[in-house]
Amino acid sequence: MGEMIVVQDLVKNYGEFCAVNHISFTVPEGKIFGFLGPNGAGKTTTIKMLTTVLDPTSGSIRINGHDSTREQKQVRRSFGIVFQDPSLDDELTAQENMDLHGILYGVPRAERLKRIDALVDLVGLGDRKKDFVKTYSGGMKRRLEVARALLHAPRILFLDEPTIGLDPQTRNHIWGYIQQLSKEEGVTVFFTTHYMDEADRVANDVAVIDHGKIVAQSSPGELKERTKCATLEDAFIALTGHAIREEEANATDRMRMMGRAWRGGGRR
Amino acid sequence: MKAIYILCVRQLKRYIRSPARIIGSLGQPILFLVALGFGFKAMFARAGGGNYINFLAPGIISMAILFNAVFSGIEIIWDRQFGFLKETLVAPVSRLEIVFGRMLGGALVAMAQGIVVFAICLIAGFRVKSSPILPLAIVFMFLIALLFAGIGTVFGSMLQDMQGFPLIINFLIMPLFFFSGAIFSADGLPKALQFGLRLNPLSYGVDGLRGACTGIFAYGLKTDLAAVTILTAILLGIGSYFFSRIQL
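In this text, all values refer to a predicted model and were calculated from it rather than measured experimentally.

(A) Here's a closer look at the overall build of chain A. Within chain A one finds 10 helices and 10 strands. Over its C-alpha atoms chain A spans a radius of gyration of 19 Å, differing by no more than 12% from the 18 Å that the globule rule assigns to 268 residues. In terms of principal-axis extent, the alpha carbons of chain A reach across some 50 × 45 × 40 Å. Taking all 268 residues of chain A together, the buried fraction comes to 40%. A separation of at least 24 residues holds for 68% of the contacts in chain A among residues at least 6 apart in sequence.

(B) Spatial organisation of the overall build of chain B. Of regular secondary structure, chain B possesses 11 helices and 0 strands. The secondary structure elements of chain B, listed N-terminal to C-terminal, are α-α-α-α-α-α-α-α-α-α-α. For chain B, the C-alpha radius of gyration of 18 Å lies close to 18 Å, the compact-globule estimate for 248 residues. C-alpha atoms of chain B, sized along the principal axes, occupy 60 × 40 × 35 Å. Within chain B, buried positions represent 48% of all 248 residues.

(C) Here's a closer look at the interface of chain B and chain A. With 23 residues of chain B in contact, the opposing surface of chain A contributes 28 residues. Among the elements of the structure, α1 (2-16) and α5 (84-89) of chain B are those that each provide at least two residues to the side of chain B that touches chain A. Per element, the largest residue contribution to the side of chain B that touches chain A is 6 residues, and it comes from α1(B). Here the residues of the side of chain B that touches chain A are counted per class, giving 10 nonpolar, 5 polar and 8 charged.

(D) Here's a closer look at the sheet that holds strand β5 (residues 66-67) of chain A. Residue and element names in this part refer to chain A. Spatially, 4 strands are ordered β2-β1-β4-β5 in an open sheet, and the strand pairing comes out antiparallel. Two strands close off the open sheet at either side, each with one partner strand: β2 (17-28) and β5. On top of the sheet, helix α1 (residues 43-50) reaches β1 (3-14), β2 and β4 (58-63); it is set at about 120° to β1, its chief contact.

(E) Representation of the nonpolar core within the structure. Residue and element names in this part refer to chain B. The biggest cluster of nonpolar side chains holds 141 residues, and the ones touching the most others in it are Ile-61, Ile-65, Leu-66, Ala-107, Ile-144 and Ala-145. Element by element, the count of residues in this core is highest for helix α4 (residues 52-81), at 18 residues. The residues contacting Leu-66, other than those within four sequence positions of it, are Ile-144, Phe-148, Ile-173, Phe-177 and Leu-202.

(F) Spotlight on the confidence of the model for chain B. Residues and elements named next belong to chain B. The share of residues in chain B with pLDDT of 70 or more is 100%, and the mean pLDDT across the chain is 93. Across chain B, the element-wise mean pLDDT spans from 89 in helix α8 (residues 165-178) up to 96 in helix α10 (residues 201-214). On the interface metric, ipTM, the complex scores 0.88, and its pTM is 0.88.

(G) Up close: the sheet that holds strand β8 (residues 188-192) of chain A. Residues and elements named next belong to chain A. Within the open sheet, the 6 strands sit side by side as β6-β7-β8-β3-β9-β10. Their pairing is mixed. At either end of the open sheet lies a strand with only one pairing partner, and these are β6 (79-82) and β10 (213-218). Direction aside, the axes of adjacent strands within the sheet are offset by 15° on average. Bridging between strand β3 (residues 32-36) and β8 involves 4 bridges; their strand directions are parallel.

(H) Seen up close, the confidence of the model for chain A. Residues and elements named next belong to chain A. Looking at chain A as a whole, its pLDDT mean stands at 89, while 91% of the residues score no less than 70. Of all the helices and strands in chain A, helix α10 (residues 251-263) carries the lowest mean pLDDT, 59, while helix α3 (residues 94-104) carries the highest, 97. Contacts of residues 264-268 to residues separated by more than four positions or lying in other chains number 3 contacts, the stretch itself having pLDDT below 50.

(I) View of the packing of α4(B) against α8(B). Residues and elements named next belong to chain B. Here α4 crosses α8 at 150°, and the two axes come no closer than 11 Å. Regarding the angle of α4 to α8, the classification is roughly antiparallel. Remark: the crossing between α4 and α8 carries right-handed chirality. Contact residues: Met-63, Leu-66, Phe-67, Val-70 and Ile-74 in α4; Phe-165, Ile-173 and Phe-177 in α8. Across the contact of α4 with α8, the residue classes tally to 8 nonpolar, no polar and no charged.

(J) Quick peek at the environment of B:Ile151. Residue and element names in this part refer to chain B. Relative to the helices and strands, Ile-151 resides in helix α7 (residues 136-158). Overall, Ile-151 belongs to the buried group, with 24 C-beta atoms counted inside 10 Å. C-alpha of Ile-151 to C-alpha of Lys-41: the two residues are 110 residues apart in sequence and 33 Å apart in space. Residues in contact with Ile-151, not counting those within four places in the same chain, are Val-70, Gly-73 and Leu-235.

(K) Geometry of helix α5 (residues 138-149) of chain A. Residues and elements named next belong to chain A. Helix length check: α5, at 12 residues, gives a terminal C-alpha distance of 17 Å against a target of 16 Å (1.5 Å per residue), a fit within 8%. Within α5, 9 of the 12 residues are buried, leaving the element largely enclosed by the surrounding structure. Among all positions of α5, only Lys-141, Arg-142, Arg-143, Leu-144, Glu-145, Val-146, Ala-147, Arg-148 and Ala-149 are buried. Looking at the buried residues of α5, the elements they touch are β6, α3, α4 (109-122), β7 (156-160) and α6 (168-185).

Each value, and the rule that gives it
- Residues numbered from 1 in each chain as written.
- Chains lettered and ligands numbered in written order.
- Predicted model: local features only at pLDDT ≥ 70, side-chain atom pairs only at ≥ 80, totals over all residues.
- Helix = DSSP H or I, 4+ residues; strand = E, 2+ residues; numbered from the N terminus.
- Rg over C-alpha atoms; globule rule 2.2 N^0.38 Å.
- Buried ≥ 20, exposed ≤ 12 C-beta atoms within 10 Å, placed from the backbone.
- Contact = placed C-beta atoms within 7 Å.
- Nonpolar A, V, L, I, M, F, W, Y, C, P; charged D, E, K, R; others polar.
- Pairing = 2+ DSSP bridges.
- Axes fitted to C-alpha atoms, helices over the stretch in contact; angles between N-to-C directions.
- Core = buried A, V, L, I, M, F, W, Y, C linked by C-beta atoms within 7 Å.
- pLDDT = per-residue confidence, 0-100.
- Parallel < 35°, antiparallel > 145°, perpendicular 65-115°, else oblique.
- Left-handed = near helix turned anticlockwise from the far one by under 90°.
- Expected span 1.5 Å × (residues − 1).

Right under this line is the structure:
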């Protein structure tokens with residue numbers, strides 16, 4: 001078993017502001033790794049750097065043995081990702097979204113069609129695959145995104161708050177499947193979440209990041225022991241404090257507001 | 001190559017599936033064609049200019065292409081805000097393939113729109129002259145479409161949200177259209193304006209399209225073709241460069 005993700009001394013500065021401040025960690029192959037932290041702690045910035053869409057200020061990242069800035073193609077082929085925000089094309093059907101992904105990742109046609117059928121069935125969307133994504137509910141979109149992320153059989157799965165806004169049924173369904181993948185196929189899973197019970201239940205290891213620094217890293221059990229807390233949530237608060245974090249609305253949030261106003265309904 | 005193809009197909013599908021957009025973007029060219037075309041027709045003929053609709057139609061077709069092509073580039077902003085851009089940026093294909101797929105798809109959509117406007121112009125009385133260079137009309141339409149898909153891509157890659165969109169339309173696209181010889185010829189204009197027209201890439205596109213359709217060139221076929229081809233290549237290069245620098 002090798003190390004699937006190796007992060008060394010990673011830094012991301014935005015001007016004066018340091019979003020990620022010299023963090024290092026490793027994730028062994030086949031493990032489920034929870035990346036926890038309050039709003040604005042640097043979780044999403046870290047995931048963006050791990051997934052090659054944001055250049056680090058300094059430090060190094062190796063994904064599946066490849067350098068994330070020099071061997072981007074190999075790195076990108078190694079992982080699948082479910083983003084925090086939806087990233088489907090609403091004007092295409094589920095099948096078309098899947099197909100487009102498969103073509104971008106160079107999955108041969110016969111295998112692509114077979115895998116698409118199997119995966120949409122797996123997330124319970126088999127009978128809706130010919131429907132436009134714009135007719136999907138939030139939970140259905142999320143399930144489709146999980147299916148899509150797995151289409152090219154990645155070795156690593158990144159999940160940025162994958163279960164936000166989902167009902168307990170869907171959440172359990174998705175986690176059940178991801179745990180099975182990890183166990184049976186040795187897929188490495190890196191996820192962020194605000195639900196501490198969820199992290200406690202599924203993660204082999206967690207890291208807690210706050211103000212751009214990793215403040216703790218161990219198994220959920222050890223973390224509770226060390227902080228003498230009964231739940232991971234209490235341990236999390238013991239580590240990161242009670243202060244509520246402010247996050248500035250970014251361009252995306254403003255845009256979504258505008259989009260909502262224009263469509264007169266909002267995203268379902 | 002397959003990535004270019006599928007991203008291109010995606011844009012064509014989105015176009016065909018949105019009749020509201022197709023009809024909506026026909027409004028402006030039809031308005032200009034009817035208002036200017038019929039409004040100035042008599043005056044133009046009295047001044048010895050001949051058939052104004054024949055002069056104007058290539059300009060209106062170019063306009064339809066210009067707006068649709070720029071908009072296809074600006075769509076990057078929508079894809080960024082509504083997420084789809086991320087899906088393409090984490091895929092194991094080069095940014096160059098992605099941006100070429102997008103620009104080509106956008107250009108084909110703009111050209112489709114241009115062909116619809118062409119047909120409307122024919123109904124309104126536009127008469128093309130059948131000649132060996134008539135097929136070049138399609139070439140010019142395609143080059144105009146690619147050129148402005150490139151310009152749209154530059155802005156789509158630079159801007160974070162749609163706030164800057166009216167700025168681009170009013171201070172770049174509208175002036176490019178008005179000062180391209182689309183609605184009036186460069187003859188008799190003040191020297192400074194004539195020079196401005198010369199610097200406008202659309203001028204050569206409009207002139208080439210007009211020449212291919214009617215046989216009358218202001219700058220000459222070779223100049224038009226060379227200018228538009230070179231400028232298109234440059235803009236595709238600049239568009240690709242800006243797109244490849246996108247960070248999320």
